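Read off the chains here:
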Amino acid sequence: MLDQFLQDKTNQRNDQYGGSIENRLRLLGEVIESVSEVFSSDRIGVRLSPYGSFNDIGDSDPVELFNAAIKKLNTYHLAYLHMIEPRSSTAGGNDQLDTKAPITSEIFRSAYQGKFISAGGYDQAMGEAVLEAGLADAVAYGRLYIANPDLAERFKQGAKLNAYNRSTFYGGGEAGYTDYPAL
Ligand SMILES: Cc1cc2nc3c(=O)[nH]c(=O)nc-3n(C[C@H](O)[C@H](O)[C@H](O)COP(=O)(O)O)c2cc1C
């Protein structure tokens, strides 16, 4: 929802929450300030999705917008900023990686002064490479973790991974949630 307010394709408001970048950043700041009244800011994380196109989201100038967002986020001393890599199109909704997509960790990591988490289309080798390059402090895994409750241990051992079953991703029961076997 915060991305919907940030990005100008979805934010079509003409009040103080829409229009200029300053206005579009307003809700993000208000939410962080509000949550900060309950939790200390170093326990609050923010996730943003530059260059995403899921559900028709988009922005005419992601570099300008997200650099402005990061500048604002730098003032809050949060636990982390988490960004998704858009190569993982439709937020993990299909298995193809878009190899021509912009790489958010390369574009934005250096602007953020705190811990930076990157997600989206990573396997073990890609995750290790982005950490070694200093372009992220941690890598988050979605689909691989759904299917492998012991993903970190499997990585450590170089073990084979369970394949995920897309048809149970949005199911309502235990199938696909708690029944993937550990090693
Ligand atoms: C079943 C499922 C539900 C998801 N729900 C959300 C969500 O609510 N919000 C979000 O920002 N991303 C969501 N995502 C995207 C993931 O957080 C992640 O960015 C995406 O799966 C790409 O990472 P991966 O390649 O490691 O799976 C979801 C992904 C899957 C597979």
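Details of the structure are given in the entry above.
As the structure is a computational prediction, the values presented were derived from the model and not from experiment. (Residues numbered from 1 in each chain as written. Predicted model: local features only at pLDDT ≥ 70, side-chain atom pairs only at ≥ 80, totals over all residues. Heavy atoms only, no water.)

(A) The overall build of the chain, seen in detail. Secondary structure summary: the chain contains nine helices and four strands in total. Helices (α) and strands (β) of the chain occur, in sequence order from the N terminus, as α-α-α-β-α-β-α-α-β-α-β-α-α. Rg of the C-alpha trace for the chain: 18 Å, near the compact-globule value of 16 Å for 183 residues, within the 12% margin. Projected onto its principal axes, the C-alpha positions of the chain cover 50 × 40 × 30 Å. By the burial criterion, 40% of the 183 residues in the chain qualify as buried. Pairs at least 24 apart in sequence give 56% of the contacts found in the chain among residues at least 6 apart. Total accessible area on the chain is roughly 10,400 Å²; 51% of this is exposed by carbon and sulfur atoms. With 17 positive and 24 negative side-chain charges, the chain shows a separation of 1 Å between the mean positions of the two kinds. (Helix = DSSP H or I, 4+ residues; strand = E, 2+ residues; numbered from the N terminus. Rg over C-alpha atoms; globule rule 2.2 N^0.38 Å. Buried < 20%, exposed > 50% of the residue type's maximum accessible area, 1.4 Å probe, protein only. Contact = heavy atoms within 4.5 Å. Areas by Shrake-Rupley, 256 points an atom, 1.4 Å probe, with all protein chains shown as cover. Lys, Arg positive; Asp, Glu negative; His and termini not counted. Charge placed at Lys NZ, Arg CZ, Asp CG, Glu CD.)

(B) Layout of the sheet that holds strand β2 (residues 80-84). Spatially, four strands are ordered β1-β2-β3-β4 in an open sheet, and the strand pairing comes out parallel. Both outer strands of the open sheet, β1 (45-48) and β4 (138-140), are each paired with one neighbouring strand and no more. Each strand axis lies, on average, 25° off the axis of its neighbour in the sheet, ignoring direction. (Pairing = 2+ DSSP bridges. Axes fitted to C-alpha atoms, helices over the stretch in contact; angles between N-to-C directions.)

(C) Representation of the pairing of β2 in the model. For β2, the buried fraction is high: four of the five residues fall into the buried class. Note: β1 against β2, four bridges, orientation parallel. Residue pairing in the sheet places Leu 48 in a bridge with Met 83 of β2. Regarding the hand of the β-α-β motif, the stretch spanning β1, helix α4 (residues 62-74) and β2 is right-handed. Pairing of β2 with strand β3 (residues 116-119) involves four bridges; the strand directions are parallel. (Right-handed = clockwise from strand over helix to strand, strands pointing away.)

(D) Spotlight on helix α7 (residues 124-132). At the N-terminal end of α7, a side-chain oxygen is found 3.2 Å from the backbone nitrogen of Ala 125, two or three residues along, and the residue is Asp 123. Note on α7: the residue one or two positions beyond its end, Gly 134, has a positive phi of about 75°. (Polar contact = N/O pair within 3.5 Å; in protein donor to acceptor, adjacent residues only side chain to side chain.)

(E) View of the packing of aromatic side chains. With the rule as written, the count across this model stands at five aromatic pairs. Here Tyr 141 and Phe 155 contribute two aromatic rings whose centre-to-centre distance is 5.2 Å and whose plane-to-plane angle is 70°, an arrangement assigned as edge-to-face. Of the two residues, Tyr 141 sits in the loop between β4 and α8 (143-147) while Phe 155 sits in helix α9 (residues 151-157), which places them 14 residues apart along the sequence. The same class applies to Tyr 141 and to Phe 155, which are both buried. Measuring from ring centre to ring centre gives 5.4 Å for Tyr 164 and Phe 169, while their planes differ by 40°; the resulting arrangement is tilted. A relative accessible area of 10% means that Phe 169 is categorised as buried. One aromatic cluster in this structure is built from Tyr 51, Phe 66 and Phe 108. (Phe/Tyr/Trp six-rings, centres within 6.5 Å; stacked < 30°, edge-to-face > 60°.)

(F) Looking closely at the site of the ligand. Taken together, the neighbourhood of the ligand is formed by twelve residues, with Arg 47, Ile 84, Gly 121, Gly 142 and Arg 143 sitting nearest. Interatomic distance of 2.7 Å between a backbone N/O atom of Gly 121 and an oxygen atom of the ligand. Alone, the ligand offers 610 Å² of accessible surface; in the complex the protein occludes 69% of this. The class makeup of the residues in the shell around the ligand is five nonpolar, five polar and two charged. (Near = heavy atom within 4 Å. Nonpolar A, V, L, I, M, F, W, Y, C, P; charged D, E, K, R; others polar.)

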